[in-house]
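# Residue-level structural notes
The chain contents come next:
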Amino acid sequence: MEVVPPNSEREATACSIAGAEEDKGEVHTAMLWSIQEAVERQTLQIGVSACGATAVVDVLQALGITVAPETADHRVRTRLRRNDSPLPDYLHSRSEAGATHHQLIDGAERASGGQVLGKFFGFHPARQVKLVPWLAHWIRRGAVPVATMNMQRGVAEGEEIPDAWHHQLIFGVGPNAVFMTNPLDVVGEEEVHVRLCSESVLLIRREDVLKRLMPGSPLSLISDQQTDPRWKTLDVEGQVRQMMNEEDHSDEDHPKMTHIMIPAAYSSGVTLFALRNSSVDDSGINFMLRWCKRCVLLTLLKAIHTGESFGPLAHATIVVANGRPSLHNTASSPAADRSWTSYFNLSPIKQTAPMAERVLVIGSGGREHALAWKLAQSPHVQQVLVAPGNAGTASCGKISNSAVSVSNHTILAQYCKDHNVALVVVGPEVPLAAGIVDDLTAAGVPCFGPSAKAAQLEASKSFSKSFMDRHGISTARWSSFTDPQEACSYIQGADFPALVVKASGLAAGKGVIVAKDKDEACQAVLDIMKDKAFGAAGDTVVVEELLEGEEVSCLCFSDGSTVAPMPPAQDHKRLLDGDQGPNTGGMGAYCPTPQVSEEMLQQIKTTVLQKTVDGMKEDGIPYVGVLYAGLMLTKQGPKVLEFNCRFGDPECQVLLPLLKSDLYEVLKNTLQGTLTSEPPMWLDSSAAVTVVMASEGYPGAYKKGVEITGLSQVTEMGLQVFHAGTALKEGGGVVTSGGRVLTVTAVQPTLESALHSANQGVAAVGFPNAVYRRDIGHRAIAYLTRTRGLTYKDSGVDIAAGNKLVDIIKPLAKATSRTGCNAELGGFAGLFDLKAAGFVDPILVAGTDGVGTKLKIAQACNIHNTLGQDLVAMCVNDVLAQGAEPLFFLDYFSCGHLDVGVASSVIGGIAEACQMAGCALLGGETAEMPGVYGPGEYDLAGFCVGAAERGSLLPRLGDVQEGDLLIGVASSGVHSNGFSLVRKVLERAGLQYSSPAPFGQPGQTMGSALLTPTKIYSRLLQPILRSGAVKAYAHITGGGLLENIPRVLPKELAVDLDATRWRIPPVFSWLHKEGSLSEEEMARTFNCGLGAVLVVGKQEAQRVLRQLQAEEEAWIVGSLTHKMPGGQAVVVRNLEHSLRAGPNPCPDTSVLQNGASHTDSSSRKRTKVAVLVSGTGTNLQALIEQTKKPSSSAEIVVVISNRPGVLGLKRASMAGIQTRVVDHKLYGSRAEFDSTIDHVLVEFGVEVVCLAGFMRILTGPFVRKWNGKLLNIHPSLLPSFKGVNAQKQALLAGARVSGCTVHFVAEEVDAGAIIAQEPIPVLMNDTEESLSERILDAEHRAFPAALELVASGVVRLGEDGRIMWNQSA
């Protein structure tokens, strides 16, 4: 990147484009000259205003010099313009903006009487800005971005422009120095967006526009890519075209400036103001770094100005690594270097980081120090203010204290606005309960934490317990009281140990007393309610059951809907080791707690955390912030002891060091409701321990002002000290100011090592008589080192892994749901509703199978996802052989050690295959059996259940006869049988699974080629089987061609196959050759290229073949002959020849050697038809009979009813037609009902739909989608007598002729184009019943005839809604 000092010569048209490509998504950057450079080089005038004087006043006040605004205005010499004053034509605001930096510097020096000096550091020419594509396009065509000035819109006449929009902002104040810059450098992201979308002025040299933008330039690219509506009002194209068309030849020697309005941003630079004769130390530079830390490297070159002391800045190199700046002084330049020509060199970056923000943390404890410490690590955070803070947050890098009042929310809100605070984070509970979040949010200040209403979960124990009871969240038995006598009576009479007494209100974490007996509990009630031990917090007490178990703290982030749990932690409330001594606010904590397993944490998330957030949302009190659940792990499961509405202290000090994510981003995501998509991440395999050091006498009276030593030594040990009750000592040093003084936190790989490190750190800290515990985490350590009995997991069975697997496969199984079942896993057994699936008189068909030793190859190759299809195919294809529709599938997966990844891959493949097959994955069994299988081994079994109507079962042995033809359907290869022999051949050939395959696809290994999955034939064959054309179907599985085909034939018939009639995959030729396998061995072991064989009559053969060949390879491969006594059941001719010859790409199946011809020129591809009925299906039988004719162009593939159990369904089933029930009563809207109908139609590949007594009105979108494909019949000669009771209308009108009309369905009732009509005379003595009967007879003729016209293509609906005839069809 070119870097040019400000004083160097530069072409007037200079602009630098980074990234010449205009690819979509490319990040474009360009150099924007600053206002300063524009003043010096390009423009004749630039506006200045009173805002410059305001900036000077702010600077001087920050340096302790008081100056009246009038004085500053005079010294800055700005020309004050008001609303009634004329403006340059290119300025749209009511006052000119932008005093130059030199004016500000001169004004500050004059107004301070020479006490203050200023120095401007321009960002040109190395200031790089990110460009949207349209602006990059614009600059690339010659527009020179000389200067930009932010203007305002929408200011009413007579109204002043707020100074905040104009004057420069101070962003850093040191003891003797002030850094100042333009507002756009430091405002929040939202405000920047507003400003970038407001009007700005881009000054462009007119001659450059005329030179580079010639007529015909693609100016539309600029405006077309700008989506902000305000952009359209700027009329860029019009302005530019006007410039190009203007003829102005006057004063050619003086290039004219013109302007257009373009949204743009700028930052001219930074000015450093300092007191004369003072040294600006490193802390001053750090202020600048907080803003500039986006850059990877900043080099700051400082010249020495004669007579002015900027010594420490002489030559300083500032390196920013991992977001942390450091200052490195280099050798000073000679004093003779007096020029002010230094500048920043900003190393270019591809993406500009978001602007840094200022964050305010409310509180003064160790929790708040930890929050500030973690927030300061964020690159998005410029500064962390802590109010009131402590000695640890007083001045620590980005962190500093603020004296702003946090109890007066109005003052606090104004402070946040004045100091550009982008986020307030509330630490303690008291401000939350007081409504600080509500008040700041209402004032427009983002604040992290729950509302006052939501904070009642902590602020009122009575509210919290009632809430838990109301929403079924497990907690201790309890009752609340305002009368101490009633409370004592409850304690004495309870049938459980009512020994826990709590002040209902906030008591700084100390309002809980766990009594040893009932008398002590009653005394606690009196202490709280009568003696006011906790003040007003004890006006109401809650008496609880004493629970037994381990106490843990489970916190989460909540965005109001989603919870993101933190690792579980455990606090230590008692003062002394061994959980002895009085109760405290917490003497230490550790995280995570091994007592809480992953399963238990998930249970807590679901039954406590998520349930609480859902309950608050249901109650109209959304909970946004940190939710803390104090839990007791009882034998009955986790029970809630209490809720807190914020981070715990000291839990916060162990949680945040383990947070891998950026805390600022997490808090923002929580407030923005995006936790689901961006959950926080935590360190793995690490443990944190924090030890609290308290003052002598705590939790009672204690001494303050005790000096603390050794803090730097602890930091050098790699430990973190979080201050709490500390203060800065006058003259330097840190002293105690509270009971809990500080915490020492260590993060190590193990809990034991973390505790050891933390205790070492505590030993290094010195203040007299400090109180602390040395056994933090002792329960966890005892848990980890305990001698325990054997568990199921010790035997090799991992129940947790099994549960994890179930969680993974549940959604996979759910995706296989179909009509009749919802495929919900988790029950003891699965259910299937045959009636809902449309069956009338079904026979259940079941099949089971495995995948054999193909498993061995999959395990050796570590390829597991294809086995699921093999398993499903082997079972489903068997069920199909009985003419049944596969309904549901069950799997069995067994192994020695459960590898969740492998198992989920296998079962995921099963679920995917079930979807392919159209059956539901209804359940399964995962069996982990240590010792039964070797490492990495597993076995599979599958079970499929289908159903067929009683009259549709296969094989139809009575129909199978000599001369029937055999149609073979291609296999994908070996499928799943014969792999023991395959592996033996592979061994003989000396090949490995990783060896290149001599067959299959180029580049395939032997393993991947052999694992080609078995084909599933259900979707392909079901429509054909339903048509009744297939008499028998054999699945070619174990036993090959020789043993499987005879299983579906009468004993008196034999099979004659010709291997030249189908394509044999090359894997079989390789096996035959390498294994020296005989012809008989090949035919008895393998499918030899035929995965299924269908038996069909000669008349149906070509039609069935074409249907198959539309989606799959298929051939007529043989025929049935009479079996001679003692003869072979299957003869495969030419197999040896075909195996040696290799695959035949074009097998000839026109004439078999036995002379049977397969040509049927009259047959044609049939149109798939669905019939919709509501009852008997008035014309259904006529349509069925027509489509059964060999000459028919139509095939009914499904009958759909909106009512279960009707006669129409039975008629369809008896004809071997698949049925579906879509009960309209189960749907909430017509659109939802129609959508389900549409889904079924698409599932069956339907091309034409006939309405046969369908009594539901279809919606417009459905009719429009199926326009030209929906047929209906009406009992009148349309357009006469539309609607219901057409026969009655005809009789009342005295019509002499009526009849029926078949028409396309249109959105208007009975208004579609007419396909066919049949007239019926109206007789003198006709009644409505007799006329209807004769019209119905006509319908039985007209509807089938009309269907044939449409199915054959003779009639279709034109685009204009009229009938189109195709006589050649």
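### Notes on the overall build of the chain
Secondary structure summary: the chain contains 43 helices and 57 strands in total. Buried residues in the chain amount to 54% of all 1369 residues. Within the chain, contacts between residues at least 6 apart in sequence are counted, and of these 74% link residues at least 24 apart.

### What about the sheet that holds strand 52 (residues 1248-1251)?
Overall, mixed pairing links the 7 strands, which are arranged 51-50-49-52-53-54-55 in an open sheet. Each having just a single partner strand, strand 51 (1218-1221) and strand 55 (1314-1321) make up the two edges of the open sheet. The mean inter-strand angle of the sheet, taken between neighbouring strand axes irrespective of direction, is 20°. Where strand 52 meets strand 53 (residues 1270-1274), 3 bridges bridge the pair, whose relative direction is parallel.

### Some words on helix 36 (residues 1098-1109)
Over its 12 residues, helix 36 extends 17 Å from the first C-alpha to the last, a length consistent with the 16 Å expected when each residue adds 1.5 Å. Residues of helix 36 that are buried in the fold lie against strand 43 (965-970), helix 32 (1018-1026), strand 46 (1090-1096), strand 47 (1114-1122) and strand 50 (1194-1201).

### Observations regarding the sheet that holds strand 39 (residues 842-849)
With respect to topology, 4 strands assemble into an open sheet ordered 39-42-40-41, the strand pairing being mixed. Only two strands of the sheet have a single partner each, and these edge strands are strand 39 and strand 41 (920-928). The mean inter-strand angle of the sheet, taken between neighbouring strand axes irrespective of direction, is 15°. Pairing of strand 39 with strand 42 (residues 938-949) involves 8 bridges; the strand directions are antiparallel. For Val845, the partnering residue across the bridge sits in strand 42 and is Gly946. Running over the sheet, helix 29 (residues 900-917) touches strand 40 (885-895), strand 41 and strand 42 and is turned about 170° from strand 40.

### Re the packing of aromatic side chains
The final tally for this structure, using the stated rule, is 11 aromatic pairs. Residues Tyr490 and Phe496 carry aromatic rings whose centres are separated by 6.2 Å and whose planes lie at 70° to one another, so their mutual orientation is edge-to-face. Overall, the relative accessible area of 22% leaves Tyr490 in the partly exposed class. For Phe496, a relative accessible area of 9% puts it in the buried group. Ring centres of Tyr1227 and Phe1233 lie 6.0 Å apart, and the angle between their planes is 70°; on these two criteria the pair is classed as edge-to-face. Given a relative accessible area of 25%, Tyr1227 falls into the partly exposed group.

### A word on the pairing of strand 38 (residues 740-748)
Examined bridge by bridge, strand 33 (residues 687-694) and strand 38 share 8 bridges and lie antiparallel to one another. Note that in strand 38 the partner of Met693 across the bridge is Leu742.

### Observations regarding the environment of Ala1293
Tracing the chain through its elements places Ala1293 in helix 42 (residues 1286-1293). The exposure class of Ala1293 is exposed, given its relative accessible area of 51%.

### A short note on the packing of helix 28 (residues 867-880) against helix 29
Running from N to C, helix 28 and helix 29 point in directions that differ by 45°, and their axes come no closer than 7 Å. What the angle tells us is that helix 28 and helix 29 run oblique. In the crossing of helix 28 with helix 29, the sense of the turn from one axis to the other is right-handed. The segment helix 28 lies against helix 29, with Gly868, Gln869, Leu871, Val872 and Val876 engaging Val906, Gly909, Ile910, Ala913, Cys914, Met916 and Ala917. Taken together, the residues of the contact of helix 28 with helix 29 sort by class into 9 nonpolar, 3 polar and no charged.

### So, the nonpolar core
Ranked by internal contacts, the top residues of the largest apolar core, which has 109 residues, are Phe889, Tyr938, Tyr1033, Leu1057, Trp1062 and Leu1108. In this structure, Ala387, Val424, Val445 and Tyr623 belong to the second largest nonpolar core, which totals 45 residues.

### Looking at the side chain of Ser695
Tracing the chain through its elements places Ser695 in the loop between strand 33 and strand 34 (707-708). From its side chain, Ser695 meets the backbone oxygen of Gly738 in a polar contact 2.7 Å long. For Ser695, the residues in contact, after removing those within four places along its chain, are Tyr702, Lys703, Thr736, Gly738, Gly739, Val741, Phe767 and Val771.

### Focus on the environment of Ser976
Within the element layout of this structure, Ser976 appears in the loop between strand 43 and helix 30 (979-989). Distance from Ser976 to Pro1013, taken between C-alpha atoms, is 7.9 Å for residues 37 residues apart in sequence. Among the polar contacts listed, one links the side chain of Ser976 to the side chain of Asp870, at a separation of 3.3 Å. Polar contacts involving the side chain of Ser976 include one to the side chain of Thr1014, which spans 2.8 Å.

### A look at the state of the cysteines
Going through the model one piece at a time under the given rule, you end up with 0 disulfides. You can see Cys554 has no disulfide; the closest cysteine sulfur is in Cys556, sitting 9.3 Å from it. We classify Cys554 as buried; its relative accessible area is 1%.

### What about the pattern of salt bridges?
In the structure shown here, the tally under the stated rule is 37 salt bridges. Residues Arg1084 and Glu1080 are paired through a salt bridge, measuring 2.8 Å at the closest nitrogen-oxygen approach. A residue pair is termed a helical-turn pair when its members lie 3 or 4 positions apart in one helix, as Arg1084 and Glu1080 do in helix 35 (residues 1079-1085) at 4 residues. Owing to a relative accessible area of 32%, Arg1084 belongs among the partly exposed residues under this scheme. Bridged by salt links that share partners, the residues Glu550, Asp577, Asp579, Arg773, Asp775 and Arg779 form one connected network.

### Remarks on unusual backbone geometry
The linkage connecting Ala387 with the following residue, Pro388, adopts the cis geometry, with an omega of 0°. Mapped onto the secondary structure, Pro388 falls in strand 16 (residues 381-388). The backbone phi angle of Cys1088 is positive, close to 55°, even though this residue is not glycine. Looking at the element boundaries, Cys1088 is found in the loop between helix 35 and strand 46.

### Looking at the confidence of the model for the chain
Confidence in the prediction for the chain averages 78 pLDDT; 74% of positions are at 70 or higher. Counting interchain partners and residues more than four positions distant, the pLDDT-below-50 stretch residues 123-169 has 188 contacts. In this model, residues 1153-1163 is a region of pLDDT below 50 whose contacts with residues beyond four sequence positions or in other chains number 24 contacts.

### Observations concerning the packing of helix 12 (residues 366-375) against helix 22 (residues 663-672)
With their axes 8 Å apart at the nearest point, helix 12 and helix 22 run at an angle of 100° to one another. Between helix 12 and helix 22, the angle is such that the two are roughly perpendicular. Two secondary-structure elements touch here, helix 12 through Leu371, Lys374 and Leu375 and helix 22 through Leu663, Tyr664 and Leu667. Of the residues contributing to the contact of helix 12 with helix 22, the split by class is 5 nonpolar, no polar and 1 charged.

### Some words on the side chain of Ser402
Tracing the backbone through its elements, the reader meets Ser402 in the loop between strand 18 (399-401) and helix 13 (409-418). Only 3.3 Å separates the side chain of Ser402 from the backbone nitrogen of Val404, close enough to count as a polar contact. Engagement of the side chain of Ser402 in a polar contact is seen with the side chain of Tyr415, the distance being 2.8 Å. Ignoring any residue separated from it by four or fewer positions in sequence, one finds Ser402 in contact with Leu385, Val386, Ala387, Pro388 and Tyr415.

### Here we look at the environment of Phe722
With respect to the element layout, Phe722 can be found in strand 35 (residues 720-723). Owing to a relative accessible area of 0%, Phe722 belongs among the buried residues under this scheme. As for Phe722 and Thr393, which are separated by 329 residues in sequence, their C-alpha atoms are 9.0 Å apart. If we ignore the near neighbours within four places in the chain, the residues touching Phe722 are Gly366, His369, Ala370, Trp373, Gln653, Leu742, Thr743 and Thr745.

Conventions used here
- Residues numbered from 1 in each chain as written.
- Predicted model: local features only at pLDDT ≥ 70, side-chain atom pairs only at ≥ 80, totals over all residues.
- Heavy atoms only, no water.
- Helix = DSSP H or I, 4+ residues; strand = E, 2+ residues; numbered from the N terminus.
- Buried < 20%, exposed > 50% of the residue type's maximum accessible area, 1.4 Å probe, protein only.
- Contact = heavy atoms within 4.5 Å.
- Pairing = 2+ DSSP bridges.
- Axes fitted to C-alpha atoms, helices over the stretch in contact; angles between N-to-C directions.
- Expected span 1.5 Å × (residues − 1).
- Phe/Tyr/Trp six-rings, centres within 6.5 Å; stacked < 30°, edge-to-face > 60°.
- Parallel < 35°, antiparallel > 145°, perpendicular 65-115°, else oblique.
- Left-handed = near helix turned anticlockwise from the far one by under 90°.
- Nonpolar A, V, L, I, M, F, W, Y, C, P; charged D, E, K, R; others polar.
- Core = buried A, V, L, I, M, F, W, Y, C linked by side-chain atoms within 4.5 Å.
- Polar contact = N/O pair within 3.5 Å; in protein donor to acceptor, adjacent residues only side chain to side chain.
- Disulfide = S-S within 2.5 Å.
- Salt bridge = Lys/Arg side-chain N within 4 Å of Asp/Glu carboxyl O.
- pLDDT = per-residue confidence, 0-100.

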